[in-house]
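Inside the fold
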Amino acid sequence: MAASVASLVARRGAACWCVGGGGAAVPRRPAPTVVRRYMSSSLRPVFVAGASKLGVRRNQPDTTLAGLGGEAVREALADADVDPSHPGALFVGNMLSGMLSEQQHLGVLVANAGGMTGVEALTAEACCGAGGAALRLGYMAVAGGLHETVVVAGVEHMSHTDLATTTHGLATASHWETEGSRGETFVSLNGLMMKHYMARYGVEHNVFAPFSINAHYNASLSSHAVFRNKILTDKDYNNSRVISDPITLHDASPICDGAAAVVLTSNSALCDPANSVLITGSAASTDQLAVSQREDPLHLSAVANSTKQALAQARLSHADVDIFELHDAYSIMACLSLESAGFVQPGEGPDFAARGDITRTGRLPIATSGGLKARGHPVGATGVYQVAEMTDQLRGRAGENQCPRNSVTMVQNIGGSGASVFSHVLVKA
């Protein structure tokens, strides 16, 4: 077996030093034991040194992209106790800024607002998976040794425009020639998948209720969720207004604004030695962009592939995962993600949810702070929110949203209706 990162550090001396993006020398501690278990010598360990997540909100008149992104970056750097001059790069996830705010070039915009002017900065776009894409870029930059420390941020401002404009912008993430240009939206596409599911397995619409009810209950405990005061009941779900048959209002995530950020580093000296978080697996995969061109519309192959790859890199199995923070933009997507990722068999997602296995005290908690459904889905920022939330879980600082089993978490961010998927495994170091 190849020499571990820890052994390489040991050969170079436990008191070796490294240089950050701002030129400051920082002492590097020997890598912790978990690095020897999970990482090969070809990659540097990637720690989450700091995290922040702003409250997800809607229709706030003074909200700006720069204001949101800058605040999230500054808070993450403060959480990591890292000077803004230290990171070598900033990666920003966003989908809609050019269409809804007439502002591109968010890498520079957020760098300026976050006090990181002069740093390498760029924007990642993978529609709803942009946050996960930015995290993947940040992970590769640190694991590959290009940078010691980077910041990953996600920001979206989308509630200030009218519904038709926002819906049109979101639809550009579909296959425009065969879907978006013909009037399909992500509500209608998810409705199509839900119809297929109901027909194949002979179930009624109400079997998806536990996914939404669980999300809303967890959001009611969360300080940063958009639906903090909206606990959902079976009656609420069953009486909800249909927006694209069979999808109802309570199946869909809300349009909202938000920003989150994390600081990634290979330098364990920047982390609390008693409370470190390590990314041990990172993977990305794609499927056919058009749902109609997939062999099976109910099997999300990119979810399956990226899950398998991330777990393999982390040297873990499905049974090792304590929390699966999945992409529940719609209740059907939560169900299909559980099944396609391999945590339950096809057709068993609704029963798994109905038994309470997805609750915070269940076998595999999901949407632990409300998920996309009830924390909110500021699309380009969602993937970074997920990582910030799982960092809190692993550090034991999730408050009322804390899960009792929280040593290994998987975060999965999806672009489109399963067309691009980014999966990351985070563990207690």
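Not measured: the values here are computed from a predicted model.

**Remarks on empty space enclosed by the protein**
All chains considered together, the criterion is met by 1 cavity of 30 Å³ or more. If you go around the largest cavity, the residues you meet are Phe211, Ser212, Asp251, Asp328, Tyr330, Ser331, Ala334, Ile366 and Lys373. Mapped by element, the contributors of at least two residues to the lining of the largest cavity are α9 (209-219) and α12 (331-340). Residue composition of the lining of the largest cavity, by class: 4 nonpolar, 2 polar and 3 charged.

**Things to note about the confidence of the model for the chain**
When pLDDT is averaged across the chain, the result is 92; 90% of the residues are at 70 or more. For the stretch residues 1-25, pLDDT sits under 50, and the model shows 48 contacts to residues farther than four places along the chain or on other chains.

**Some remarks on a nonpolar patch on the surface**
Together, Leu122, Leu137 and Met140 make up an exposed nonpolar region whose accessible area comes to about 220 Å². Relative to the assigned elements, leucine 137 resides in helix α6 (residues 130-143).

**A few points about the side chain of glutamate 339**
Among the structural elements, glutamate 339 can be located in helix α12. Here glutamate 339 is buried and forms no salt bridge, its nearest opposite-charge partner arginine 200 lying at an N-O distance of 7.5 Å. There is a polar contact of 2.9 Å between the side chain of glutamate 339 and the backbone nitrogen of glycine 349. Among all residues touching glutamate 339, those that are not within four sequence positions of it are Tyr197, Val344, Gln345, Pro346, Gly347, Glu348, Gly349 and Pro350.

**Remarks on the side chain of serine 159**
If you trace the backbone, serine 159 turns up in the loop between β6 (149-156) and α7 (163-171). At 2.8 Å, the side chain of serine 159 and the backbone nitrogen of asparagine 59 are in polar contact. There is a polar contact of 2.6 Å between the side chain of serine 159 and the side chain of aspartate 257. Here serine 159 is in contact with Arg58, Asn59, Ile255, Cys256 and Asp257, once residues within four sequence places are set aside.

**Considering the packing of aromatic side chains**
Inspection of the entire model under this criterion finds 3 aromatic pairs. Each ring, one from tyrosine 197 and one from tyrosine 201, has its centre 4.7 Å from the other, and the planes form 55°; the classification is tilted. Residue tyrosine 197 and its partner tyrosine 201 are both found in helix α8 (residues 186-201); the two are separated by 4 residues, about one turn of the helix. By relative accessible area, which is 0% here, tyrosine 197 ends up buried. You can call tyrosine 201 partly exposed: its relative accessible area is 29%. Between tyrosine 197 and phenylalanine 208, the aromatic rings sit 5.7 Å apart at their centres with planes inclined by 65°, giving edge-to-face as the arrangement. Residue tyrosine 197 is found in helix α8, and its partner phenylalanine 208 is found in the loop between α8 and α9; the two are separated by 11 residues along the sequence.

**Side note on unusual backbone geometry**
With an omega dihedral of 5°, the bond running from aspartate 245 to proline 246 counts as a cis peptide bond. Note on placement: proline 246 falls in the loop between β7 (242-244) and β8 (247-248). Look at asparagine 59: it is not a glycine, yet its phi comes out positive at around 55°. With respect to the helices, strands and loops of the structure, asparagine 59 is situated in the loop between β3 (46-53) and α3 (65-80). The exposure class assigned to asparagine 59 is exposed, which follows from its relative accessible area of 57%. With phi around 60°, arginine 315 is a residue other than glycine that occupies positive phi space. For arginine 315, the location among the structural elements is in the loop between α11 (301-314) and β11 (323-325). Relative accessible area serves as the criterion here: at 40%, arginine 315 is assigned to the partly exposed category.

Rules of the game
Residues numbered from 1 in each chain as written. Predicted model: local features only at pLDDT ≥ 70, side-chain atom pairs only at ≥ 80, totals over all residues. Heavy atoms only, no water. 1 Å grid on protein atoms, 1.4 Å probe; cavity = no way out; pocket = protein on both sides within 12 Å on 5 of 7 lines; lining within 4 Å. Points joined across faces, edges and corners; volume = space filled by probe spheres on them. Helix = DSSP H or I, 4+ residues; strand = E, 2+ residues; numbered from the N terminus. Nonpolar A, V, L, I, M, F, W, Y, C, P; charged D, E, K, R; others polar. pLDDT = per-residue confidence, 0-100. Contact = heavy atoms within 4.5 Å. Patch = residues over 30% accessible without salt bridge, like charges linked within 9 Å, V, L, I, M, F, W, Y side chains within 5 Å. Areas by Shrake-Rupley, 256 points an atom, 1.4 Å probe, with all protein chains shown as cover. Salt bridge = Lys/Arg side-chain N within 4 Å of Asp/Glu carboxyl O. Buried < 20%, exposed > 50% of the residue type's maximum accessible area, 1.4 Å probe, protein only. Lys, Arg positive; Asp, Glu negative; His and termini not counted. Polar contact = N/O pair within 3.5 Å; in protein donor to acceptor, adjacent residues only side chain to side chain. Phe/Tyr/Trp six-rings, centres within 6.5 Å; stacked < 30°, edge-to-face > 60°.

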